[in-house]
Amino acid sequence: MAWFLSRELPSSGQFRLSGDSAHHLGRVMRKKKGDHVVLFDGGGRTVQAEIVSLVPGAVDVRVLGWADAARPAGPKMLLAVGIVSADSLAIAVHAAVPAGIDEFIPVIAERSQWGRKSVQGKKLVARLERVAEAACCQSECAFLPRIAFPARLEDVLSCGAEEAVFGSTAPGTPGAASVFSDLASRGIRSLLLLVGPEGGFTGEEAKLALKSGAKALRMAPHVLRTEYAACLMAGFARNLLWPA
């Protein structure tokens, strides 16, 4: 059954969808009267509904039932990824949403091609929000992650997460399984996952992360593209930190 985002969800009766949701239902997905859909508000509530009418710019639906989804087990996860390009970050967001990330933070790292343009940041956030919404619909995830405004690494490291890890290819770096298993044994409540841009974090950035208390880990025996490393790290973290 197709999923669609609707910020306001009554638990009974009939209501009207308009804007992007109505356009997507009627014009993109070609839904018809009598079709059943799932609507979600991004905060965990889902509603099963039946389409009762479609008019230009609006879709009327009737509530059949509702439910409040449980958040994924394990700690709150913040995924922070070094900016390479908007396309790279979009792939990272789309792939990491099914792992149950709670927040996505674009990181302005030393090797990122990024200025201090607020307009550029706003456009990036808006695009990633659309990607996150699409990923929730496709993966049937009832919780829409927050997309943060691009931030410097030093600011991201002070976000308040209980623990933090970052990807590294330095010799002697422990594997992800051992690092996440150690964190799982301590029952942490929040975790910051850091992935560098192409070329990784610089030596000084790695020192800064270690000084702040972050732990280095290696995701694979070979170098990964930024977006793939982000996807793998989020998936590993959710799986290995899942309470027994």
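This text goes with the structure placed above it.
About the criteria used
- Residues numbered from 1 in each chain as written.
- Predicted model: local features only at pLDDT ≥ 70, side-chain atom pairs only at ≥ 80, totals over all residues.
- Heavy atoms only, no water.
- Salt bridge = Lys/Arg side-chain N within 4 Å of Asp/Glu carboxyl O.
- Helix = DSSP H or I, 4+ residues; strand = E, 2+ residues; numbered from the N terminus.
- Buried < 20%, exposed > 50% of the residue type's maximum accessible area, 1.4 Å probe, protein only.
- Contact = heavy atoms within 4.5 Å.
- Axes fitted to C-alpha atoms, helices over the stretch in contact; angles between N-to-C directions.
- Parallel < 35°, antiparallel > 145°, perpendicular 65-115°, else oblique.
- Left-handed = near helix turned anticlockwise from the far one by under 90°.

S.K.: Teacher, can you tell me more about the pattern of salt bridges here?
M.R.: One side chain can pair with another of opposite charge once the charged atoms of both are near each other. A full pass over the atoms with the stated rule returns 13 salt bridges. The residue Asp-87 makes a salt bridge to Arg-127 at a minimum N-O spacing of 2.7 Å. With Asp-87 in helix H2 (residues 86-96) and Arg-127 in helix H3 (residues 118-139), the pair connects residues that are 40 residues apart, well separated along the chain. Judged by relative accessible area, Asp-87 falls into the partly exposed class, the value being 47%. Among the ionic contacts, a cluster of salt bridges with common partners joins Glu-163, Asp-182, Arg-186 and Lys-215.

S.K.: Got a minute to help me understand the environment of Arg-146 in this structure?
M.R.: When you line up the elements, Arg-146 lands in strand S8 (residues 146-147). Distance from Arg-146 to Glu-103, taken between C-alpha atoms, is 4.6 Å for residues 43 residues apart in sequence. With residues near it in sequence (within four places) discarded, Arg-146 still touches Asp-102, Glu-103 and Phe-104.

S.K.: What exactly am I supposed to notice about the packing of helix H5 (residues 176-185) against helix H7 (residues 226-240) here?
M.R.: When two helices pack together, you describe them by how their axes are tilted relative to each other and by the distance separating the axes. One way to put it is that H5 packs onto H7 with a least axis distance of 9 Å and a crossing angle of 40 degrees. Classified by the angle their axes make, H5 and H7 are oblique. In this structure, H5 crosses over H7, and the sense of that crossing is right-handed. Here Ala-176, Ala-177, Phe-180 and Ala-184 of H5 lie close against H7, whose contacting residues are Met-233, Phe-236, Ala-237 and Leu-240.

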